[in-house]
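Fold and geometry: a report
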Amino acid sequence: MSIEATLAEKGITLPAAPAPAANYVPFVQTGNLVFVSGQISQDEGGLIKGRLGDGMSVEDGAAAARRCGLSLIAQLKAAVGDLDRVKRVVKLTGFVNSTPDFTDQPKVINGCSDLMVEVFGEAGRHARAAVSAPALPLGVAVEIEAIFEVA
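Residues numbered from 1 in each chain as written. Predicted model: local features only at pLDDT ≥ 70, side-chain atom pairs only at ≥ 80, totals over all residues. Heavy atoms only, no water.

Within an unreviewed UniProt entry, the label attached to the chain reads RidA family protein, and the organism entered is Paracoccus lichenicola.

Quick look at the structure:
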């Protein structure tokens, strides 16, 4: 089954690939690798802001990370055109806006990791880092960058 068919079957709609907010490009392809710049948590209602450990639940953080994942896939599609060219999700690096005592960053970033496996199957399994940040751009809850291998 094609990736587009998988998205449709699961009721997943990709957002428009967000435009860069500063002096950088949304993705760079070198060889068979596509590096996608950090995507911040946002949905149809705007930015998903908050701080884990200070009024934002792990579940809400994971939902914000899933939204980052949708933007990552949208950027990837803009980069390569056909998502069936994806051979592997290589690595995710997730940043979680959290208090110093919050330690569930991996559970938050699972929102994106789970999406990658849901969409790409075994090729969606990846290496990963999930780290805390005292603040993120525009006050968002989560930012995630990714590396993909394509054919």
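**Let's talk about the UniProt feature "domain: Endoribonuclease L-PSP/chorismate mutase-like" (unreviewed entry) in the chain**
Mapped onto the present numbering, the UniProt feature "domain: Endoribonuclease L-PSP/chorismate mutase-like" (unreviewed entry) falls on residues 5-139. The span residues 5-139 shows a helical share of 33% and a strand share of 26%, and its end C-alpha atoms are spaced 35 Å apart. (UniProt positions renumbered as here; feature names shortened; annotations may be inferred. Helix = DSSP H or I, 4+ residues; strand = E, 2+ residues; numbered from the N terminus.)

**Description of the nonpolar core**
Core analysis: the biggest nonpolar cluster contains 35 residues, and L76, M116, F120, V142 and I144 have the highest contact counts within it. Broken down by element, this core gets its largest block of residues, eight residues, from helix α2 (residues 58-80). (Core = buried A, V, L, I, M, F, W, Y, C linked by side-chain atoms within 4.5 Å. Buried < 20%, exposed > 50% of the residue type's maximum accessible area, 1.4 Å probe, protein only.)

**Comments concerning the packing of α2 against helix α3 (residues 105-120)**
Closest axis-to-axis distance for the α2/α3 pair is 6 Å, and the angle between their directions is 45°. The pairing of α2 with α3 is recorded here as oblique in orientation. The element α2 and its partner α3 pack so that their crossing is right-handed. Where α2 approaches α3, its residues V58, G61, A62, A65, R66, G69, L70, L72, I73 and L76 are matched on the opposing element by K107, V108, I109, G111, C112, L115, M116, E118, V119 and F120. (Axes fitted to C-alpha atoms, helices over the stretch in contact; angles between N-to-C directions. Parallel < 35°, antiparallel > 145°, perpendicular 65-115°, else oblique. Left-handed = near helix turned anticlockwise from the far one by under 90°. Contact = heavy atoms within 4.5 Å.)

**Some thoughts on the side chain of Q75**
Among the structural elements, Q75 can be located in helix α2. Apart from the residues lying within four places of it in its own chain, the contact partners of Q75 are A17, P18, P26, F27, V36 and Q39.

**Comments concerning the sheet that holds strand β5 (residues 86-97)**
The sheet built from five strands is open, its strands ordered β1-β2-β7-β5-β6 with mixed pairing. On the outer flanks of this sheet lie β1 (27-30) and β6 (127-133), each paired with one strand and no other. Neighbour to neighbour, the strand axes of the sheet diverge by 15° on average, direction disregarded. Both β5 and strand β7 (residues 142-150) contribute to a ladder of nine bridges, which runs antiparallel. Bridge pairing in β7 places V86 opposite V150. (Pairing = 2+ DSSP bridges.)

**As for unusual backbone geometry**
Residues other than glycine seldom take positive phi values, yet L138 does so here, at roughly 60°. Residue position: L138 is located in the loop between β6 and β7.

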